[in-house]
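# A closer look at the structure
If you want the building blocks of each chain, they are given just below.
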Amino acid sequence: MNSITPLLQGLDLACIRDDRSLFSELSFVLGAGEVLLLEGENGSGKTSLLRILCGFREPDAGQVSWCGGAISTSAYRANMAFVGHLDGVKKELTVLENLRVALALGQGNGGSLDAALARVNLAGYQDVLISALSAGQKRRLSLARLLVTAKCLWILDEPFTSLDKQGIQLTEQLMSEHCAQGGMIVLTSHHPIQLTHGAVQRISLSSCL
Amino acid sequence: MYAFFAIVRRDLRLALRKRAEIINPLLFFVLVITLFPLGVGAKPMLLQAIAPGIIWVSALLAAMLSLDSLFRSDFDDGALEQLVLSPQPLSVLVLGKILAHWLVTGLPLVIIAPLLAILLGLSAKTISILLITLLLGTPVLSLIGAIGVALTVGLRRGGMILSLLVLPLYVPVLIFAANAVEMAQLGLPVMAQINMLAAMLVLACVLAPWPTAAALKMSMS
C-alpha cells in the first residue's frame, strides 16, 4: 500500500482535562497489518487519545510520530482517515455527492464508488439524500468512504455504534481485509471484535494512570 | 486546485438546497434600506445625501448576519473535521468556502443594490460607482468575517462576540467605500478610494485564509 513501511508511534503520551489526568505514560508502536484496540470505561480518555492521534489536540506530554516524523504534516494526513462520532457528511447532499467530495479531499484508490456502495449494502442509494438515511446507513456510508480513499491508517471511534449484526460483521470483515493488505487500524469499542487478519494490541486506558 | 473547486461546488449546491440562507440576508438588506425613507420622511435631498452611508451600513450588517452560516453547519456535522484532516492545505479549502459564501450572500446584495439606489434617488453615474465599491468591498467583508467566525465557531453563543470582533475591522472598508460614492455624487474623482478598496481586496485574499485556517484548527481541539 505504501513504499515505506508505515509506523505509528506514541511515546509517553499524557492527557489532562479539567485538571484531571486521563492517562499518562502511554506508549505504543503500531506497524503494518496491526490493530490497536483502546478499551476503558466512559470518560477514560479514549476519544481524547484518538483526537490526539488525529492531530486535533496536542498531547499534554509525550509525542506521536508517523514513520519517524511529526503528525502535523500533510504526508500523515494523506495516509490517515478518521471516522468519529460525527459522520462528517452533509445531509442536504446525496450519497454519491458526499462520496465525491470525500474523494476530492483525499486521494482515491481507483475503485469505483458504486462498487464501494454495493460492498456496504448501499447499492441503489446513490441519489438518496443523506437526511433520508438511517443512523446505521450513515455509518455504512462512512465505511464506503474508507473504501474509496487510499488511506493506510484508519482511526475509528466506536465504529459499531448503531450498526445491526450484519453491519458489525461487515465492518469486521472490512477491517480484516484492510489489515491483510498491510493497513493499520486504531479503534475504540465496547464490542468484542473478531478479526481473521491483523494482530490486535489492546490498551486499557483505565490502567494507564 | 481540484479540491478548491470541489468545495466551491459543494457549498453552492448546499446553498441551492436550503434557499433561506440566500434569501434572508438579501431581505434584511432590502428591508433596512426601505425603512430609512419611512423613518426620515419625504425629504429627497436628505435621503440622497445619506444614501451612500445607508446602503453601505446595511450591506455591512447583512454581510455580518450571514457570516455565522459560513462554518456553523460544517462544524456541527463533522464535515469541518474532515476538511482539517484533508492533506490539501486548509487555507485553500477555506478560501473556496469563502468564495462560495460570497457568491451566495454577497453577490445578490450587489445585484439588488441598483434598485435600492434608485429608490434613494442616486444618479446613474453614482450607481455605477456604488456597484464598483460593492463588488470590491463585499468580498473583503466575507474574508475578514471568516477570521472572526473561525475564532467563534467553537463557542456556544458566539454571535455577539462575533459582531464585536468583526465590526471594527469593517470600518476601513466602510470609510473608503461610502466616501467614494459620496465623491461620485459631487462629481469628484474617486480613483484613489477605488484603488484602496482593490488593494484591501487583494490583501484580504492573500492574508485572511491563513489565520482563518489556524483558528479553525484551534476550534477543533
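Below: a short report on this structure. Keep in mind that this is a model prediction, so the values were computed, not measured.

Another aspect to go through is the overall build of chain B. Broken down by element type, chain B carries 10 helices and zero strands. Helices and strands in chain B line up, N terminus first, as α-α-α-α-α-α-α-α-α-α. Relative to the compact-globule value of 17 Å for 221 residues, chain B shows a C-alpha radius of gyration of 18 Å, a close match. For chain B, the spread of C-alpha atoms along the three principal axes comes to 55 × 35 × 30 Å. Within the span of chain B, comprising 221 residues, buried residues form 45% of the whole. Long-range contacts, defined here as pairs at least 24 residues apart, represent 79% of the contacts in chain B between residues at least 6 apart.

Attention now goes to the overall build of chain A. Helix and strand counts for chain A come out as six helices and nine strands. Against the compact-globule benchmark of 17 Å for 209 residues, chain A has a radius of gyration of 17 Å, which places it among compact chains. Dimensions along the principal axes, computed over C-alpha positions, put chain A at roughly 50 × 35 × 30 Å. Each of the 209 residues in chain A was classed as buried or not, and the buried ones make up 42%. Within chain A, contacts between residues separated by at least 24 positions form 74% of all contacts whose residues are at least 6 apart in sequence.

Counting residues at the interface gives 20 residues for chain A and 20 residues for chain B. Residue assignment for the side of chain A that touches chain B shows that the elements contributing at least two residues are helix 2 (74-77) and helix 3 (95-105) of chain A. Per element, the largest residue contribution to the side of chain A that touches chain B is four residues, and it comes from helix 3 of chain A. Residue composition of the side of chain A that touches chain B, by class: nine nonpolar, four polar and seven charged.

Residues and elements named next belong to chain B. Between the first and last C-alpha of helix 2 (residues 20-40) there are 30 Å, a value that for 21 residues agrees with the 30 Å anticipated at 1.5 Å per step. Here helix 2 has its buried residues at Pro-25, Phe-29, Ile-33 and Phe-36. Looking down the long axis of helix 2, one finds its buried residues gathered within 65° of arc, a one-sided arrangement. Among the exposed residues of helix 2, those pointing more than 90 degrees away from its buried face are Ala-20, Ile-23, Leu-31, Leu-35, Leu-38 and Gly-39. Packed against the buried residues of helix 2 are helix 3 (44-67) and helix 6 (90-119).

As a further point, take the packing of helix 8 (residues 159-185) of chain B against helix 9 (residues 191-207) of chain B. The description of two helices packed together rests on the angle between their axes and the distance between the axes. Residue and element names in this part refer to chain B. Where helix 8 contacts helix 9, the axes come no closer than 9 Å and their chain directions differ by 150°. Judged by the inter-axis angle, helix 8 sits roughly antiparallel to helix 9. The handedness of the crossing between helix 8 and helix 9 is left-handed. Along the contact surface, helix 8 presents Pro-172, Val-173, Phe-176, Ala-177, Asn-179, Ala-180 and Met-183, while helix 9 presents Gln-193, Ile-194, Met-196, Leu-197 and Met-200. Broken down by class, the residue content of the contact of helix 8 with helix 9 amounts to 10 nonpolar, two polar and no charged.

The subject of this paragraph is helix 1 (residues 2-17) of chain B. The α-helix winds at 3.6 residues per turn, so residues separated by three or four positions along the chain end up facing the same way. Under the 1.5 Å per step criterion, the end-to-end length of helix 1 of chain B is 23 Å for 16 residues, consistent within 8% with the ideal 22 Å. Those residues of helix 1 of chain B lying buried are Ala3(B), Ile7(B), Arg10(B), Asp11(B) and Leu14(B). Around the axis of helix 1 of chain B, the buried residues are gathered within 90° of arc, so they sit on the same side. Relative to its buried face, helix 1 of chain B has exposed residues pointing more than 90 degrees away, namely Tyr2(B), Phe5(B) and Leu16(B). At its buried positions, helix 1 of chain B is contacted by helix 3 of chain A together with helix 6 of chain B.

Our next topic: the pairing of strand 2 (residues 20-31) of chain A. The sheet contact formed by strand 1 (residues 7-17) of chain A and strand 2 of chain A spans eight bridges and is antiparallel. Residue Gln9(A) lies in a different strand from strand 2 of chain A, and its bridge partner there is Val29(A).

Right, let's get into the sheet that holds strand 5 (residues 69-70) of chain A. All names here are of chain A. Within the open sheet, the four strands sit side by side as 2-1-4-5. Their pairing is antiparallel. Either end of the sheet is taken by a strand with one partner, and the two such strands are strand 2 and strand 5. Note: strand 4 (residues 61-66) against strand 5, two bridges, orientation antiparallel. If you follow Trp-66 over to strand 5, its bridge partner there is Gly-69.

This part takes up the sheet that holds strand 7 (residues 153-157) of chain A. Residues and elements named next belong to chain A. The five strands are arranged 6-7-8-3-9 in an open sheet whose pairing can be described as parallel. Where the open sheet ends on each side, the last strands, each with one partner, are strand 6 (80-83) and strand 9 (199-204). The sheet shows a mean angle of 15° between the axes of neighbouring strands, direction not considered. Pairing analysis gives four bridges linking strand 6 to strand 7, with the strands arranged parallel. Looking across to strand 7, one finds that Phe-82 is bridged to Ile-155.

Looking now at the environment of Leu93(B). All names here are of chain B. Along the polypeptide, Leu-93 turns up in helix 6. A sequence separation of 120 residues divides Leu-93 from Ala-213, and the C-alpha atoms of the two residues are 8.8 Å apart. Excluding its chain neighbours within four sequence positions, the residues that come into contact with Leu-93 are Ala-3, Phe-4, Ile-7, Leu-83, Ser-86 and Gln-88.

Rules and cut-offs
Residues numbered from 1 in each chain as written. Chains lettered and ligands numbered in written order. Predicted model: local features only at pLDDT ≥ 70, side-chain atom pairs only at ≥ 80, totals over all residues. Helix = DSSP H or I, 4+ residues; strand = E, 2+ residues; numbered from the N terminus. Rg over C-alpha atoms; globule rule 2.2 N^0.38 Å. Buried ≥ 20, exposed ≤ 12 C-beta atoms within 10 Å, placed from the backbone. Contact = placed C-beta atoms within 7 Å. Nonpolar A, V, L, I, M, F, W, Y, C, P; charged D, E, K, R; others polar. Expected span 1.5 Å × (residues − 1). Arc of directions from axis to C-beta. Axes fitted to C-alpha atoms, helices over the stretch in contact; angles between N-to-C directions. Parallel < 35°, antiparallel > 145°, perpendicular 65-115°, else oblique. Left-handed = near helix turned anticlockwise from the far one by under 90°. Pairing = 2+ DSSP bridges.

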